[in-house]
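The lines below spell out each chain.
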Amino acid sequence: MSLAVSPPETHDPDGHLVRTVLRRPRLLRRELVAGLVVALALIPEAISFSIIAGVDPRLGLFASFTMAVTISIVGGRPAMISAATGAVALVVAPLARTYGVDYLIATVLLAGVLQIVLGLLGVARLMRFVPRSVMVGFVNALAILIFVAQLPHLTGVPWTVYPMVLLGIAIIVGVPRLTQAVPGPLVAIVVITAVVLAGGLDLPNVGDEGALPHSLPSLVVPDVPYTWETLRLLAPYALGMALVGLMESLMTAKLVDDLTDTRSSKTREAWGQGVANIVTGAFGGMGGCAMIGQTMINVRISGARTRLSTFTAGVMLLVLVVGFGDAVARIPMAALVAVMVMVSVGTFDWHSLRTLHSMPRSETVVMLATVAVTVATSNLAIGVVVGVVVASVLFARRVAHLVGVDREVVEDAEGRPAQVRYRVYGELFFASSNDLYTQFRYAEDPGHVVIDLSDSHVWDASSVAALDAITTKYGRRGATVEIHGLNEDSGARHERLSGNLGAAG
């Protein structure tokens, strides 16, 4: 099943596109309506994440408002949604339960500072080391987690919930085929709410998820001791929150880049997340990061492309929960479940299943490992780290087998071996150089040995140590070894490290 995706209007994701949207009513309506749909979907999610963190629902709702509004201004990826998230909630939950809300807010502020520092240090550049198979696993695991998160709303409920969910799915699929004027999710929410209220059906609604706030957020100062002991307590949680938030945000930004065929500033997004978390902590929110599920609603389903949609989502969230809280509380959860189920279907990379048989086995293993770990831990960051590690190990193993050695014996005028020449080809690093030592015939070779590295590259100390070990072993047999063909980088590394790595051979 495929979802309609609105094409980007331009490849410039910032100023030019915003000006174009403001001049064209149809595009302006698209951005505003997309933000409204996201705001409606954010409310139960924010409440649920607050419960996970063990705090009042207002902390999650206020965090979603401040994160979305702030990141719409300072973030590096237009149209991406940032708000309170489950991953961040899982990190800070133990601290909040043990020490209370003030320590949680202090942690959010510290995490924001750390994210700014990491962003300015260029941590976003590490995204280039995330292979495609990990990205595919990340997307598929996310789709599974989004679907699984809806199961509690589908178990132990009145039977009338199920036809309402099916009706919502049918509307979301059918509306884009009739008109692009309004997004299917908004139509589904309105229609199902009207049907439930008109029919007097007693179904679970948003109000059942938790109390909605009736006032605006205000500035707060966490009541904690400002001591080194407090810093030592908060630092591990703040660092964990900073890293998880950055990883999820940068992965989501890369995914949106691919969906919209545009580029974004990952460095700006990294420090922008830090600024958003500082603002969120200052207003008593629980912190957050990019939400890939809500971003998919905004970008993939609703077709939003600018910062205006993200800003609208944050503002409308606050307007809805503060100004129209009683009405929003009556929206059936069945309508929001239908939206999230279709987000799950649209997020999953179905093409990855159709091409499993033709993909290299190592790529498939990496993708499945990422999915399995992410689903098992319900933590996208852990899954991505494991996926990258597995990909790195398999890559090193594959490259290690590409190293080889050719042997050529040079005879003197009398036909006796006078010199042996070894030509080494391939990349020499810790995985491949371990076997290099065993590929020489120490007992058979004459007294003059030449090792030609013209078709190779020495990458690390392990390779230099292996060459030292080979030279030492030949030396014990009275043979001399000459190493030829080192390129500039390899030669500099060999000259600096050779003979300084301890005993060899």
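That block above? That's the structure.
Residues numbered from 1 in each chain as written. Predicted model: local features only at pLDDT ≥ 70, side-chain atom pairs only at ≥ 80, totals over all residues. Heavy atoms only, no water.

## Let's talk about the overall build of the protein
No. 1: The secondary structure content of the protein amounts to 20 helices and six strands.
No. 2: Burial status across the protein gives 53% buried among its 505 residues.
No. 3: Relative to all contacts within the protein whose residues are 6 or more apart in sequence, the contacts with residues 24 or more apart total 83%.
No. 4: Accessible surface, the protein: about 22,200 Å² in total, of which carbon and sulfur atoms supply 62%.
No. 5: Once the 36 positive and 37 negative side-chain charges of the protein are each reduced to a mean point, those two points are 6 Å apart. (Helix = DSSP H or I, 4+ residues; strand = E, 2+ residues; numbered from the N terminus. Buried < 20%, exposed > 50% of the residue type's maximum accessible area, 1.4 Å probe, protein only. Contact = heavy atoms within 4.5 Å. Areas by Shrake-Rupley, 256 points an atom, 1.4 Å probe, with all protein chains shown as cover. Lys, Arg positive; Asp, Glu negative; His and termini not counted. Charge placed at Lys NZ, Arg CZ, Asp CG, Glu CD.)

## Focus: the nonpolar core
No. 1: Counting residues in hydrophobic clusters, the biggest one holds 98 residues, and the most contacted among them are Ile-43 and Met-286.
No. 2: No other element matches helix H2 (residues 25-53), which puts 12 residues into this core.
No. 3: Among the nonpolar cores identified, the runner-up in size contains 19 residues, and Val-403, Leu-453, Ile-470 and Ala-479 belong to it. (Core = buried A, V, L, I, M, F, W, Y, C linked by side-chain atoms within 4.5 Å.)

## A closer look at the pairing of strand S4 (residues 417-428)
No. 1: Strand direction decides the pairing type here: strand S3 (residues 404-411) and S4, joined by eight bridges, are antiparallel. Counterpart to Val-405 in the pairing with S4 is Val-424.
No. 2: Sheet topology places S4 next to strand S5 (residues 448-458); eight bridges connect them, and they run parallel. Counterpart to Arg-423 in the pairing with S5 is Asp-452.
No. 3: Viewed along the sheet, the connection from S4 through helix H18 (residues 430-436) into S5 turns out right-handed. (Pairing = 2+ DSSP bridges. Right-handed = clockwise from strand over helix to strand, strands pointing away.)

## Some points on unusual backbone geometry
No. 1: Even without a glycine there, the phi angle at Ala-79 is positive, about 80°.
No. 2: Phi angles above zero are rare outside glycine, and Asp-261 is one such case at about 55°.
No. 3: Among the secondary structure elements, Asp-261 is positioned in the loop between helix H9 (228-260) and helix H10 (266-282).

By themselves these figures say nothing about function.
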